[in-house]
Amino acid sequence: MLDTLTYYLKFPFVQYAIIVGVLIALCSSLLGVTLVLKRFSFIGDGLSHVAFGAMAIASIVDVSFGESSRSSGQNDMLIVLPITIISAILLLWTGQNTKIKGDAAIAMISVGALAIGYLLMNIFSTSTNLSGDVCSTLFGSTSILTLKSSEVWLCIVLSIVVVLAFIYFYNKIFAVTFDESFAKAVGTKANAYNLIIAVIIAVIIVLAMNLVGSLLVTALIIFPALSAMRVFKSFLSVTVCAAIFSVICALLGIFLSIIYGTPVGSTIVAVDMAGFFVFSIVGKVGGKA
Amino acid sequence: MKRKITILISLVMIMMSLSACGKAADSGSRGSGTKGVNDVLEEGAAKEEEKNSETTQEEVTTEKETEVTTEATTEMTTEEETTEVADASEDGENAPKEATVVPPEIDVDLTKLSSTMVYSEVYNMMVDPDSYLGKTIKMSGAFAVYTDQESGKNYFACIIQDATACCAQGIEFTLDGDYSYPADYPAVNDEITVTGTFATYEEDGYIYSTLLNAKMD
């Protein structure tokens, strides 16, 4: 098996997949802790469905732009990212002050975007394999193994921005996560930091769709955080553990999927689940650190 | 705290070793170094040679390298196929005929890859065909045929699916020699193995990929 893996690692697209997979896993785990603690675990699902709808729109716009734009793939990101960011802001930032709150707002946007996305793909699609396109977008399929170098670079840049933003705003994110009211009372601009969190989450969701597809994005966000919480107590230790856990699981998932020919996204999520059970047992046996 | 971290790290290591360690035979080869691409290709070529030499005792044809260079503008097929026939008279009338068949060197052997890897590699061939021009490709998949209703021309392809079985990619091939459809071809969806030289051509303003001088098993 090691020989097979070594052989596969010589392929450029496998190297791209590992780079992007590690970066996405790292980014998604960082904000996962915040989302779980803020009771927004399901926002990843909602936003990924929005991103699915946005991708449908992007594919239609690509058709109107012509073949050259379609092959570049850059227009997808230009459309998908802003729409997802706006939706994230609506849900996280203003969602608390509207009549439709929390889970109801997420559910509404989630199913609405999914339905609109599929509808648009059916009406305007020029692809001969519509079900394949939908399946690939929802479950990731082999998206991570079919990346172009430009997409890898885009992912690297966005990942660096996300990690730097998280490190720079770490204390503020910590304050807003645990007690938003207290943070506001002591003069912290909680709304502004919620906005930053929303933007970062949207970027992570769009990136993570490449790895596991839109239906499985939530797993990348919640499993590392929940697993780390089984064993550790403090915000810092949970965040660090979640990041390491997420990266290891993503790597294992990619390796297993290319060796055994299984779908990449679902293999990564299966490894995440196995890790969660292991950490749960560790937490039960050893208690929380 | 340290004890728990130690336990945690140990568990992670156990998880990794459980999912990463292979068969005993595999692990045994670690000490002797890992098998590179060339090793794998040479191994495949050696097997192919052994197989061919057994079945072609009477053949005296030596196929030399076939080169196909096709540019993006679809200037196609610079093919060089040299056949050397061993002349019995050179070595004496009664000298036994020696058959030496050199199989074409396979640059990309998709039959050795997992389904996920095959799909990804074929996808990359479609997206970036220039990187594969002139390379000898070997692949296994389902046989498919498409008939152009206007021209009546048949196009034959080897189709592979991804791991989720929702997406399919295929590479068209043109067999080396005179074959007629359907007599000389398998039934649609039959499993086939095709070896041929990767090339592209233009038709109706579109660039298509194909395997030229293909051999089908």
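Within every chain, residues take consecutive numbers counted from 1 along the sequence as written. Here the convention is simple: chains get letters from A, ligands get numbers from 1, in the order in which they are written. Predicted model: local features are reported for residues with pLDDT of at least 70 only, side-chain atom pairs are reported and counted for 80 or more only, and whole-chain, interface and lining totals are derived from all residues.

A run of H or I in DSSP counts as a helix once it spans at least four residues, and a run of E counts as a strand once it spans at least two, with each numbered from the N terminus. The helix and strand tally for chain A stands at 14 helices and zero strands. Starting at the N terminus and ending at the C terminus, chain A contains elements arranged as α-α-α-α-α-α-α-α-α-α-α-α-α-α. A residue is called partly exposed when the number of other C-beta atoms within 10 Å of its own lies between 12 and 20, exposed at 12 or fewer, and buried at 20 or more, with C-beta atoms placed from the backbone. Among the 289 residues that make up chain A, the fraction classed as buried is 51%.

A separate point is the pairing of strand β6 (residues 168-175) of chain B. Residue and element names in this part refer to chain B. When DSSP finds two or more bridges between a pair of strands, those strands are recorded as paired. Here strand β5 (residues 154-161) pairs with β6 via six bridges, running antiparallel. Bridging across to β6, Ile-159 finds its partner in Gly-170. Pairing between β6 and strand β8 (residues 206-216): three bridges, direction parallel. What sits directly across from Glu-172, in β8, is Thr-210.

Residue and element names in this part refer to chain B. Pro-182 follows Tyr-181 through a cis peptide bond whose omega is 10°. Positionally, Pro-182 belongs in the loop between β6 and β7 (191-203). Even without glycine at this site, Asn-189 takes up a positive phi of about 80°. At Asn-213, a position not held by glycine, the phi torsion is positive, near 50°. Along the polypeptide, Asn-213 turns up in strand β8. Using a count of 21 C-beta atoms within 10 Å as the deciding quantity, one classes Asn-213 as buried.

All names here are of chain B. With seven bridges joining them, strand β4 (residues 136-147) and β7 adopt antiparallel strand pairing. Residue pairing for β7: Met-139 is matched across the bridge by Val-194. Turn length for the β7-β8 hairpin, with the two strands adjacent in sequence and antiparallel, is two residues, and the turn residue Asp-204 shows positive phi of about 55°.

Further remarks concern the confidence of the model for chain A. Predictor confidence is given residue by residue as pLDDT, running from a minimum of 0 to a maximum of 100. Averaged over all residues, the pLDDT of chain A equals 81, while 87% of them reach at least 70. Across chain A, helix α13 (residues 235-260) of chain A holds the top mean pLDDT of 92, while helix α4 (residues 67-72) of chain A sits lowest at 43.

Turning next to the environment of Gly-287 of chain A. Residues and elements named next belong to chain A. Here Gly-287 lies in the segment after α14 (264-286). On the basis of neighbour count, Gly-287 is assigned to the exposed category, with 10 C-beta atoms found within 10 Å. In sequence terms Gly-287 and Arg-230 are 57 residues apart; their C-alpha atoms lie 8.2 Å from each other.

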